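Close look at the chain arrangement
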Amino acid sequence: MAHKISDACVSCGSCVGDCPSEAISEKDGQYQIDPEKCTDCGACVSTCPTEAISAG
């Protein structure tokens, strides 16, 4: 199951570069994880300063 980004996201973008599947993108000022691309590796979780990313 893909990871998800909650409303705690401050749109800092720190997670984008750590995603090996390029599943994270910004839309309307909020970052989102594409469940079709997410491999559930969790690389983005430890990068998020607000702990806004969790397993779906």
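Report follows, based on the coordinates. For clarity, every value in this text was computed on a predicted model and none was experimentally measured.

It is worth spelling out the overall build of the protein at this point. Secondary structure assignment for the protein yields zero helices and four strands. Each helix (α) and strand (β) of the protein, taken in turn from the N terminus, gives the series β-β-β-β. Computed over the C-alpha atoms, the radius of gyration of the protein is 10 Å, within 12% of the 10 Å expected from 2.2 N^0.38 for a compact globule of 56 residues. By principal-axis analysis of the C-alpha atoms, the protein measures approximately 25 × 20 × 20 Å.

Core analysis: the biggest nonpolar cluster contains 14 residues, and Ile5, Ile24, Ile33, Cys44 and Ile53 have the highest contact counts within it. If we ignore the near neighbours within four places in the chain, the residues touching Ile5 are Ile24, Gln30, Tyr31, Gln32, Ile33, Ala52 and Ile53.

Next up on the list: the environment of Met1. Looking at where Met1 falls in the secondary structure, it is placed in the segment before β1 (3-5). Judged by relative accessible area, which is 72%, Met1 ranks as exposed. Separated by 34 residues in the primary sequence, Met1 and Pro35 place their C-alpha atoms 7.6 Å from one another. Setting aside residues no more than four positions away along its own chain, Met1 makes contact with Asp40 and Gly56.

On to the side chain of His3. When you line up the elements, His3 lands in strand β1. The contacts of His3, once residues within four sequence positions are left out, are Ile33, Cys38, Asp40, Gly42, Val45, Ile53, Ser54, Ala55 and Gly56.

Take the environment of Asp7 next. Along the chain, Asp7 falls in the loop between β1 and β2 (24-27). With 48 residues separating them in the primary sequence, Asp7 and Ala55 have C-alpha atoms 14 Å apart.

In this section: the pairing of β2. Sheet topology note: the β2/strand β3 (residues 30-33) ladder contains four bridges and is antiparallel. From the neighbouring strand, Glu26 faces β3, where its bridge partner is Tyr31. In sequence, β2 turns back onto β3 through a hairpin of two residues, with Asp28 there showing a positive phi of about 55°.

Once that is clear, we can look at the state of the cysteines. Overall, the coordinates contain zero disulfides when judged by the stated rule. Cys48 supplies the cysteine sulfur nearest to Cys12, a cysteine that is in no disulfide, at a spacing of 6.2 Å.

Conventions we followed
Residues numbered from 1 in each chain as written. Predicted model: local features only at pLDDT ≥ 70, side-chain atom pairs only at ≥ 80, totals over all residues. Heavy atoms only, no water. Helix = DSSP H or I, 4+ residues; strand = E, 2+ residues; numbered from the N terminus. Rg over C-alpha atoms; globule rule 2.2 N^0.38 Å. Core = buried A, V, L, I, M, F, W, Y, C linked by side-chain atoms within 4.5 Å. Buried < 20%, exposed > 50% of the residue type's maximum accessible area, 1.4 Å probe, protein only. Contact = heavy atoms within 4.5 Å. Pairing = 2+ DSSP bridges. Disulfide = S-S within 2.5 Å.

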